[in-house]
Amino acid sequence: MTMNLKKYPHKLLVKLYFDMLRINKVQLHIESLYHLDEMKTPIHLSIGQEAIAVGVCANLRQNDYISSSHRGHGHYLAKGGDLKRLIAELYCRETGCSKGRGGSMHLVDTSVGHMGSSSIVGGGIPIGTGLGLATQMKAEDRVSVIFFSDGAADEGALYESINFAILKKLPVIFVYENNQFAVCSHVSARQAGEIIFHKTPHDAMPSQAVNGNSVMDVYEATKQAVMRARQKSGPSFIECKTYRVRGHAGAGSDEKLGYRTAEEIREWEAKCPVRAFSEILLRDGVLNETEIQIMEETIDCEIDEAFRFAQRSPLPKPEDVTKYLFCD
Amino acid sequence: MPWTKIKSDVNEPNYYLESDENIRRLSYSEAIREAMDQALELDQRVFIMGQGVDDPGAMFGTTLNLHKKYGSQRVFDTPLAENALTGIATGAAIGGMRPVYFHNRPDFLFLAMDQLVNHASKWYYMFGGAVNVPIVLWACIGRGWGSAAQHSQALQGLFMHIPGLKLIMPSTCYDAKGLMLSAIADNNPVLIIEHRLNFRHKGFVPETPYRVPIGKGIIRKQGKDITFVAISHMVTEAYKAAEELSKEGIEAEVIDLRTLRPLDEEIILRSVSKTGRLLIADCGWKTGGITAEISALVAEKGFEFLKAPIRRVACQDVPTPSGYTLEEAFYVGSNDILNAAREILQIR
Ligand SMILES: Cc1ncc(C[n+]2csc(CCOP(=O)(O)OP(=O)(O)O)c2C)c(N)n1
């Protein structure tokens, strides 16, 4: 990567790195404890995809909306979702972000515009579009970002939503996180070539494909899309090309399944967006080794604290099983 | 909250006010239109969407010219994309709006099942009460005139199965307005299933906005000998049958459930405890439907009241045929209710 970082504020670069590192470390920690079976919820790790969540969310304000999916830990944290409440949710606790009713796939933190993630593939796309509609109808200054992956891109809900977003010029950004796989199925087995939305007329919905493992590329692409949305000019589409290095669900690699080669996985692991960015930052003197070391320690402390909080939190009471059926 | 100003929990004073010349009468569609008009007027968050809501047909007249009064931002036609548009309505509701999404037919809701069932109905519970979804979906059963298998389905049994979704089926002009206003004021997803034959009614509708309680049935006719539990268009049929029996000195109690979820269990059980006999009439299918659910309820909680087996009057378990001779055989009405009631009462 030859990239001129000089034009960016130091603070921004540090934040981008810190947020990626934090998401990476949180997930590694979850992964390392998952075999204990205390987090009784299906996890979908986004290790290797940190640059997308962070590069996008760094352009957003607290009141902007995001819509996310089953693979949503990174989106939640990048948008500013509370870490303790995330971990408590994985531990099925009453103190979890969804009070132990949602689990890993159903995260929420309305205080930062995260209005709930869906585990129905593609399900969050219309909802994020609707958040854009509400924003427009209420004449609010917000944008709505929708994260979805290649499996979701197979769904008709994407076409229906994009059509509507263009029709109404909604302040919506479609972030296509193409990690190439839906479970074991490669995108080439499901889609006939490049996604069709790259062919959308530019003035209706600009679209671009970027290296999803480069946080600065994602950041730049999103910046333009956010500007367009804030100017009320309509939606944008960003494809972030990346790779799911872990297995579809649970902890660890799934290379023994044989639907992809170990070499391919190694190749993409070598493109780890967090490490790649740290190399650039070190090279350009934005950060030094000591500063990175301090960041690591800060994050480790925070993670320990979050896990302790979760493990010590109360479980939901059985007699509350019917609570939250209807809102008064 | 603009809705607190509206009188809530108001019940229709009298079912058949036919004789009273001085009351204000509206057609069924005018009653719904008046609810929509008043909701749009009252609350900036309310908007109407649906295929053709701004066309001359205006969803059976229920949204007629409202786009002219409130603008096409608040009353708008939609693409034929039922699933995403349901999700978009859900998202808009999460974002602080109060959408009302109209469909010509419940059949089309099948295309929206993912967003309605997997999303809107789950959001409040799944996130531990963090986010609620105040949307209203409306769809009208298209019985008759050769509508056939894909334009006439009465899907209340299916939707009653879904926790987190309120389900309303009005039968009178008064309730069509009052329940619509309650549905819009409600903080949860509400599905209103209408019936085409209800649109023949003209009835008492006060002009000032009012709300009919969700989750409460009403007794349309008092009786001591047998209980008829009915919904929507079948209330009219059950009432007719009850009047017929009256002539023979048998008094049937007619309950209009109005809401299927939450279900007013108490009104059913109280009536059965008095009459000891139960007939349930539905305009949908029998198997796994609402008549099955209500039978099970009474078997579980009111078995000791029963003097005779429960009878169910519902459509046959086949897709709706188109031809009118077959339609005739498929649908049920007051005669079927009458016959079943006579069997329960062991009279002929
Ligand atoms: C509508 C639907 N179909 C199937 C599934 C089962 N499923 C869960 S995740 C997944 C793969 C999704 O792939 P993608 O959208 O690319 O997301 P990724 O897991 O790669 O992040 C599938 C098929 C589902 N949850 N929802």
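Let me begin by describing the structure that accompanies this report.

### Description of the sheet that holds strand 7 (residues 236–241) of chain A
Residues and elements named next belong to chain A.
Part 1: The strand order across the open sheet built from five strands is 1-2-3-7-6, with neighbouring strands paired in parallel fashion. Looking at which strands have only one partner, the edges of the open sheet turn out to be strand 1 (65–67) and strand 6 (207–211). Each adjacent strand pair in this sheet contributes to an overall mean axis angle of 20 degrees, direction not counted.
Part 2: Summarising the sheet, strand 1 and strand 2 (residues 144–149) pair through three bridges and their orientation is parallel.

### Regarding empty space enclosed by the protein
All names here are of chain B.
Part 1: Evaluation of the coordinates by the stated rule reveals four cavities of 30 Å³ or more.
Part 2: In this structure, the largest cavity occupies an estimated 60 Å³ of space.
Part 3: For the largest cavity, the full set of lining residues is Ser152, Gln153, Ala154, Cys283, Gly284, Trp285, Cys315, Thr320, Phe330 and Tyr331.
Part 4: Looking at the lining of the largest cavity, the element that brings in the most residues is strand 13 (residues 278–285), giving three residues.

### Digging into the packing of helix 6 (residues 156–167) of chain A against helix 3 (residues 82–94) of chain B
Part 1: One can describe the packing of helix 6 of chain A onto helix 3 of chain B by two numbers: an axis separation of 8 Å at closest approach and a directional angle of 60 degrees. Classed by the angle they form, the pair helix 6 of chain A and helix 3 of chain B counts as oblique. Helix-helix and strand crossings are classified by hand; for helix 6 of chain A and helix 3 of chain B the assignment is right-handed. Touching Ala157(A), Glu160(A), Ser161(A) and Phe164(A) of helix 6 of chain A are Glu82(B), Asn83(B), Ala84(B), Leu85(B) and Ile88(B), all from helix 3 of chain B.
Part 2: Considering only residue class, the contact of helix 6 of chain A with helix 3 of chain B consists of five nonpolar, two polar and two charged.

### Focus on unusual backbone geometry
What is expected of a backbone is that most residues other than glycine have negative phi and most peptide bonds are trans.
All names here are of chain B.
Part 1: A cis geometry characterises the amide bond from Arg261 onward to Pro262, with omega recorded as -5 degrees.
Part 2: With respect to the secondary-structure elements, Pro262 resides in the loop between strand 12 (259–261) and helix 9 (265–275).
Part 3: One non-glycine residue, Asn65, lies in the positive phi region at around 60 degrees.
Part 4: Within the secondary structure, Asn65 is located in the loop between strand 2 (46–50) and helix 2 (66–70).
Part 5: For Asn65, a relative accessible area of 32% puts it in the partly exposed group.
Part 6: We note that Ala148 has phi near 70 degrees; this positive angle belongs to a residue other than glycine.
Part 7: Here Ala148 lies in the loop between strand 5 (136–141) and helix 6 (156–160).

### Thoughts on the pattern of salt bridges
Part 1: One pass over the full model with this rule turns up 40 salt bridges over all chains.
Part 2: For Lys241(A), the salt bridge goes to Glu239(A), with nearest N and O atoms at 3.4 Å.
Part 3: Judged by relative accessible area, Lys241(A) falls into the partly exposed class, the value being 37%.
Part 4: For Glu239(A), a relative accessible area of 2% gives the class buried.
Part 5: Among the salt bridges present, the one from Arg260(A) reaches Asp254(A), with a minimum N-O distance of 2.9 Å. Residues Arg260(A) and Asp254(A) agree in their burial class; the two are buried.
Part 6: One network of salt bridges, in which partners are shared, links Glu12(B), Asp175(B), Arg220(B), Asp256(B) and Arg258(B).

### What to know about the sheet that holds strand 13 of chain B
Two modes of strand pairing occur in sheets, parallel and antiparallel, and in both the strands are linked by backbone hydrogen bonds.
Residues and elements named next belong to chain B.
Part 1: The mixed open sheet is built from five strands, whose spatial order is 9-11-10-13-14. Each edge of the open sheet is held by one strand with a lone partner, namely strand 9 (218–221) and strand 14 (311–315). Between one strand axis and the next, the sheet turns by 25 degrees as a mean value, whatever way the strands run.
Part 2: Note that strand 10 (residues 226–230) and strand 13 share four bridges and pair parallel. Considered in strand 13, the bridge of Val229 is made with Ile280.
Part 3: Contacting strand 10, strand 13 and strand 14, helix 10 (residues 290–301) runs over the sheet at an angle of about 155 degrees to strand 13.

### Some points on a nonpolar patch on the surface
Part 1: A contiguous nonpolar patch, built from Phe110(B), Leu111(B) and Leu158(B) and spanning about 270 Å² of accessible area, is present on the exposed surface.
Part 2: Mapped onto the secondary structure, Phe110(B) falls in the loop between strand 4 (98–103) and helix 4 (113–120).

### Observations concerning the interface of chain B and chain A
Part 1: With 39 residues of chain B at the interface, the matching set in chain A holds 42 residues.
Part 2: Summed over both partners, the interface of chain B with chain A buries about 3,200 Å², with 69% contributed by carbon and sulfur atoms.
Part 3: It is Ile88(B), Tyr125(B) and Phe127(B) in chain B that bury the most area against chain A; as a group they hold 20% of the surface buried on that side.
Part 4: The interface formed by chain B and chain A includes zero salt bridges.
Part 5: Our enumeration of links across chain B and chain A arrives at twelve residue pairs in polar contact (both at pLDDT 80 or more).
Part 6: The greatest single-element share of the side of chain B that touches chain A, amounting to ten residues, is contributed by helix 3 of chain B.
Part 7: Partitioning the side of chain B that touches chain A into residue classes produces 19 nonpolar, 16 polar and four charged.

### A short note on the pairing of strand 7 of chain A
Residue and element names in this part refer to chain A.
Part 1: Counted residue by residue, strand 7 has five buried out of six residues, so it is predominantly covered.
Part 2: Here six bridges tie strand 3 (residues 172–178) to strand 7, and the two strands are oriented parallel to one another. In the strand pairing of strand 7, Val175 is matched with Ile238.
Part 3: As defined by bridge partners, strand 6 adjoins strand 7 across five bridges and the pair is classed as parallel.

### What to know about the site of the ligand
All names here are of chain A.
Part 1: Taken together, 15 residues surround the ligand, and among them His70, Arg71, Gly151, Asn179 and Phe181 come closest.
Part 2: Asn179 is positioned such that a nitrogen or oxygen atom in its side chain is 2.9 Å from an oxygen atom of the ligand.
Part 3: Calculation on the ligand without its partners gives an accessible area of 570 Å², and the protein chains cover 71% of this total.
Part 4: Within the shell around the ligand, the residues separate by chemical class into six nonpolar, six polar and three charged.

### Topic: the state of the cysteines
All names here are of chain A.
Part 1: The tally for this structure, following the rule as stated, stands at zero disulfides over all chains.
Part 2: Not part of a disulfide, Cys92 finds its nearest cysteine sulfur in Cys97, a span of 11 Å.
Part 3: You can see Cys272 has no disulfide; the closest cysteine sulfur is in Cys240, sitting 16 Å from it.
Part 4: On the accessibility criterion, Cys272 (14% relative accessible area) is buried.

### A closer look at the packing of helix 1 (residues 28–42) of chain B against helix 7 (residues 173–185) of chain B
Residue and element names in this part refer to chain B.
Part 1: Between helix 1 and helix 7, the least distance of the axes is 8 Å, while the angle of their chain directions is 25 degrees. In terms of axis orientation, helix 1 runs roughly parallel to helix 7. Where helix 1 crosses over helix 7, the handedness of that crossing is right-handed. The residues of helix 7 that touch helix 1, namely those facing Tyr28, Ala31, Ile32, Glu34, Ala35, Met36, Gln38 and Ala39, are Cys173, Ala176, Lys177, Met180, Leu181 and Ile184.
Part 2: When its residues are assigned to classes, the contact of helix 1 with helix 7 shows eleven nonpolar, one polar and two charged.

Calculation notes
- Residues numbered from 1 in each chain as written.
- Chains lettered and ligands numbered in written order.
- Predicted model: local features only at pLDDT ≥ 70, side-chain atom pairs only at ≥ 80, totals over all residues.
- Heavy atoms only, no water.
- Pairing = 2+ DSSP bridges.
- Helix = DSSP H or I, 4+ residues; strand = E, 2+ residues; numbered from the N terminus.
- Axes fitted to C-alpha atoms, helices over the stretch in contact; angles between N-to-C directions.
- 1 Å grid on protein atoms, 1.4 Å probe; cavity = no way out; pocket = protein on both sides within 12 Å on 5 of 7 lines; lining within 4 Å.
- Points joined across faces, edges and corners; volume = space filled by probe spheres on them.
- Parallel < 35°, antiparallel > 145°, perpendicular 65-115°, else oblique.
- Left-handed = near helix turned anticlockwise from the far one by under 90°.
- Contact = heavy atoms within 4.5 Å.
- Nonpolar A, V, L, I, M, F, W, Y, C, P; charged D, E, K, R; others polar.
- Buried < 20%, exposed > 50% of the residue type's maximum accessible area, 1.4 Å probe, protein only.
- Salt bridge = Lys/Arg side-chain N within 4 Å of Asp/Glu carboxyl O.
- Patch = residues over 30% accessible without salt bridge, like charges linked within 9 Å, V, L, I, M, F, W, Y side chains within 5 Å.
- Areas by Shrake-Rupley, 256 points an atom, 1.4 Å probe, with all protein chains shown as cover.
- Buried area = accessible area lost by both parts, 1.4 Å probe.
- Polar contact = N/O pair within 3.5 Å; in protein donor to acceptor, adjacent residues only side chain to side chain.
- Near = heavy atom within 4 Å.
- Disulfide = S-S within 2.5 Å.

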